[in-house]
Amino acid sequence: MANQPVRTVVCVTGQRNCERLIREGALHGSGDDLLILHVAHPGQALMGFPTDPGALEYLYEIAREYRAEMRVIRAEDVVETIASVAEENQAGCVVMGAPGANRKNDYARALAARLPGVKLVVL
């Protein structure tokens, strides 16, 4: 049903290997129950990696395989935006990648604190 709340939100970056996150998310929800989300800072290249312009289209194709909606949103506060989307869609699960070794932002920890009743899967 189109009005059924989204139950799983998958957070992706502009890397083709985020396909693994979408596939993991599909284990927790599919079709109307699955939402793929990318949050970009204003002024930042969409999907974050302008060296791979085909990554966005590739991830859209993977999302379509699972009948999932994919949203790309620009926002200053990434954590608050992800949390708001999860709450608005009554998500029971959020899937995301682990921060890289050189990344300062630990979005998973911040989201766990912001969404205490939501299962967080970090790969």
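Residues numbered from 1 in each chain as written. Predicted model: local features only at pLDDT ≥ 70, side-chain atom pairs only at ≥ 80, totals over all residues. Heavy atoms only, no water.

Colleague: I would appreciate a short explanation of the environment of Gly54 in the present structure.
Modeller: Positionally, Gly54 belongs in helix α2 (residues 54–65). The sequence separation of Gly54 and Gly14 amounts to 40 residues, and the corresponding C-alpha distance is 9.2 Å. (Helix = DSSP H or I, 4+ residues; strand = E, 2+ residues; numbered from the N terminus.)

Colleague: Which parts of the structure should I look at to understand the environment of Ala68?
Modeller: You can see Ala68 is positioned in the loop between α2 and β3 (69–74). Residues Ala68 and Asp33, spaced 35 residues apart in sequence, show a C-alpha to C-alpha distance of 7.6 Å. Beyond its immediate stretch of four places on either side in the chain, Ala68 contacts Gly31, Leu34, Ile36 and Ala63. (Contact = heavy atoms within 4.5 Å.)

Colleague: Teacher, can you tell me more about the packing of helix α3 (residues 78–88) against helix α4 (residues 107–114) here?
Modeller: Pairs of packed helices are described in terms of their axes, by the angle between the two and the distance that separates them. Two elements in contact, α3 and α4, have axes separated by 10 Å at closest approach and are oriented at 45 degrees. Overall, the two elements α3 and α4 adopt an arrangement that is oblique. When the axes of α3 and α4 are compared, the crossing they make is right-handed. Between α3, through Val78, Val79, Glu80, Ile82, Ala83, Ser84 and Glu87, and α4, the contact on the second element is made entirely by Tyr107, Ala110, Leu111 and Arg114. A class-by-class count of the residues in the contact of α3 with α4 yields seven nonpolar, one polar and three charged. (Axes fitted to C-alpha atoms, helices over the stretch in contact; angles between N-to-C directions. Parallel < 35°, antiparallel > 145°, perpendicular 65-115°, else oblique. Left-handed = near helix turned anticlockwise from the far one by under 90°. Nonpolar A, V, L, I, M, F, W, Y, C, P; charged D, E, K, R; others polar.)

Colleague: Would you mind going over unusual backbone geometry with me for this structure?
Modeller: Excluding glycine, residues mostly carry a negative phi; peptide bonds, for their part, are mostly trans. Even without being glycine, Arg67 reaches a positive phi, approximately 60 degrees. You can see Arg67 is positioned in the loop between α2 and β3. Its identity is not glycine, yet Gln90 carries a phi of approximately 50 degrees, on the positive side. Mapped onto the fold, Gln90 is located in the loop between α3 and β4 (93–96).

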